[in-house]
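Structural characterization, general
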2 protein chains.
Amino acid sequence: MIGIRSIASYIPEGRIDNVAQAQSFGRDEEFVVNKLGTKTLSVKDEAQETSDLCVKAVDNLLAKNPQLKKEDIQALVVITQNGDAEALPHTSAIAQHKLGLPTTTACFDISLGCSGYVYGLYIVQGFMQATGMKNAVMVTADPYSKIMDRNDRMTTLLFGDAATATWMTSDEPVWKLSAQSFGGDGAGAEYLKVEDGHFFMNGRQVFNFASVKIIPNMQEVLDKVGLSFADVQAICLHQGSGAIVDAIAKRLGEEHAEKVIKDMFGAGNTVSSSIPMLLEHYADNPQWKNVLISGFGVGLSWGSALLQRVNSQ
Amino acid sequence: MIGIRSIASYIPEGRIDNVAQAQSFGRDEEFVVNKLGTKTLSVKDEAQETSDLCVKAVDNLLAKNPQLKKEDIQALVVITQNGDAEALPHTSAIAQHKLGLPTTTACFDISLGCSGYVYGLYIVQGFMQATGMKNAVMVTADPYSKIMDRNDRMTTLLFGDAATATWMTSDEPVWKLSAQSFGGDGAGAEYLKVEDGHFFMNGRQVFNFASVKIIPNMQEVLDKVGLSFADVQAICLHQGSGAIVDAIAKRLGEEHAEKVIKDMFGAGNTVSSSIPMLLEHYADNPQWKNVLISGFGVGLSWGSALLQRVNSQ
């Protein structure tokens, strides 16, 4: 069985003071804390490329897991919509070379946004099974600072840069990938898009979509394995904003709301990196046996999945 | 077992006279026929988006397979590095909506170039297995006309636009995906890239890489299942150019050279669409039991695989 063994992340050192930034748009600190959910935003150096963020995250993963050798990494998969190059090549190829991985490493990028981690887990697990691989590293790295219009308060107050690396293996994985449910609706493609180099988001539409769609999507996952929210110890939602995480938690009802983890790590909405960052920092809790994850955003696209502990960390 | 059931393609109607184009660069018809391999190049309408090419290919697949209903398509995967949007959203989301597929369809894009079809088969097969899906459609659509510098003779004489759609299913597939071998080498990322909106290719380096790398890569695939080139009835290489297909065929030796299929369909090098177009048009030959496919290009990236017939067409 192939599952998740370990996760590491990299948050660039650069910080934007989000309280000051919000004030320039006439918003106070209470709005920053309660609605946005983050008083600082991480931002990469101009000179750092997406592949450099990938390298940092993978280096952190390797440092944390000395038993994982570069020559054992059979696939390197990067989830991004803001890679190094304009159109080609794919960022995983560049990262493979910068990391000094063997040329027998299968490399490809997946183009997905905030749902990317959930999709990616099953894509990579499946690819490994289909090809008989034992070890792969899946990276999320989608630096929105590359496409940010700093005059657009709908976006500049929310997004931060980060990258994560997840070791997937058939060798004593900690988390099994259980049931999942995916969906997409291109009718909402216009709600999150890049035009003339700048990112645009219809925040109201995205908020409404997520607040309505995600709980039924998670319920569907639970139904597939005959479980209910009562069987789940933690819920790791994409950290789109403080407000959307709170809204979904509230809809879940008092009994389950406290299982919803909320932490933007002083980085902001880090797109496909938000869920693995939650798992990295919270999931070593031995009480966590069944964990729901759910990502949602650009596409529109959404995916929820159940992770089940099969080994101690 | 999940495999390939059916393939359809779409070649846009627009044609560039490649003999005339070559003459403007001081090249004669003999060069066009023997080295480039195509006297015409297909080109999409300016107004056609990548997702429109996807829709045409999928519509052709549906027309050819009336038993495949839109509501049965559980995943739509698009292989492209030249999608509709600058960075996001992904093209599969837009195509899902234009096609009227259900919002329960899992949609994602894979960023790979000329190796994309071979990789994509195992990615999609794996994703389907990991998620319990029965039917998916994988689309290739990478219109290089969007990034072409018509003054660059290294590229403008070679590439054409096309799209293909492959029905992958657990329901009586015709072709089983057998052994495979993948690799990548970002040291060659510079040899095929887009900068300032224009595609650049170091044709010499790409030619040398492919002519050296591909036969050992195919041999590795055969070794995995204890077969040799003598057991293979056909070899479908990415149609990078007439010259590279001929060079690999020649290196295979007289006995096997004739198994190498060469056909650019008057379209040119259609990136990830070249291999599925060969399969669509030639693989209904009942003599074909074991077929090698091999893609190579941007990344650098390469992948070879063995397809084995398990049902008649």
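Not measured: the values here are computed from a predicted model.

1. Focus: the domain arrangement of chain A
Residue and element names in this part refer to chain A. Looking at the assigned domains, one finds that chain A contains domain 1 (3–169) and domain 2 (175–309). Here the C-alpha centroids of domain 1 and domain 2 sit 17 Å apart. The interface of domain 1 with domain 2 comprises 49 residues on the first partner and 49 residues on the second. Across the interface of domain 1 and domain 2, roughly 3600 Å² is buried in total on both sides, 65% from carbon and sulfur atoms. Considering only the side of domain 1, the residues that lose the most area to domain 2 are C114, V118 and Y122, jointly responsible for 19% of the buried surface there. At the boundary of domain 1 and domain 2, one finds zero salt bridges. Connecting domain 1 to domain 2 are 16 residue pairs in polar contact (both at pLDDT 80 or more). For the side of domain 1 that touches domain 2, the elements supplying multiple residues, two or more each, are β1 (3–10), α2 (29–36), β3 (40–43), α5 (116–131), β6 (135–141), α6 (153–156) and β7 (163–169). With seven residues, the single largest contributor to the side of domain 1 that touches domain 2 is α5.

2. Brief notes about the packing of α2 of chain A against helix α8 (residues 242–252) of chain A
The relative placement of two packed helices is expressed as an angle between their axes plus a distance between the axes. Residues and elements named next belong to chain A. Packing of α2 against α8 leaves a shortest axis separation of 6 Å and a crossing angle of 50°. Considered as vectors, α2 and α8 are oriented oblique to each other. Seen from α2, the contacting residues are N34, K35 and L36; seen from α8, they are G242, A243 and D246. Taken together, the residues of the contact of α2 with α8 sort by class into two nonpolar, two polar and two charged.

3. Some thoughts on the pairing of strand β4 (residues 75–79) of chain A
Residues and elements named next belong to chain A. The buried fraction of β4 amounts to five of the five residues, a majority that puts the element mostly inside the structure. Going residue by residue along β4, you find A75, V77 and I79 tucked away on one face and L76 and V78 tucked away on the opposite face as well. Relative to strand β5 (residues 106–111), β4 is paired through five bridges, and the arrangement is parallel. In the strand pairing of β5, V77 is matched with F108. Taken together, β4, helix α4 (residues 91–99) and β5 form a β-α-β motif whose crossover is right-handed. By the bridge criterion, five bridges tie β4 to β6 in an arrangement that is parallel. The partner of L76 across the bridge, within β6, is V137.

Scoring rules and cut-offs
Residues numbered from 1 in each chain as written. Chains lettered and ligands numbered in written order. Predicted model: local features only at pLDDT ≥ 70, side-chain atom pairs only at ≥ 80, totals over all residues. Heavy atoms only, no water. Domains from an automatic or database assignment. Contact = heavy atoms within 4.5 Å. Buried area = accessible area lost by both parts, 1.4 Å probe. Salt bridge = Lys/Arg side-chain N within 4 Å of Asp/Glu carboxyl O. Polar contact = N/O pair within 3.5 Å; in protein donor to acceptor, adjacent residues only side chain to side chain. Helix = DSSP H or I, 4+ residues; strand = E, 2+ residues; numbered from the N terminus. Axes fitted to C-alpha atoms, helices over the stretch in contact; angles between N-to-C directions. Parallel < 35°, antiparallel > 145°, perpendicular 65-115°, else oblique. Nonpolar A, V, L, I, M, F, W, Y, C, P; charged D, E, K, R; others polar. Buried < 20%, exposed > 50% of the residue type's maximum accessible area, 1.4 Å probe, protein only. Pairing = 2+ DSSP bridges. Right-handed = clockwise from strand over helix to strand, strands pointing away.

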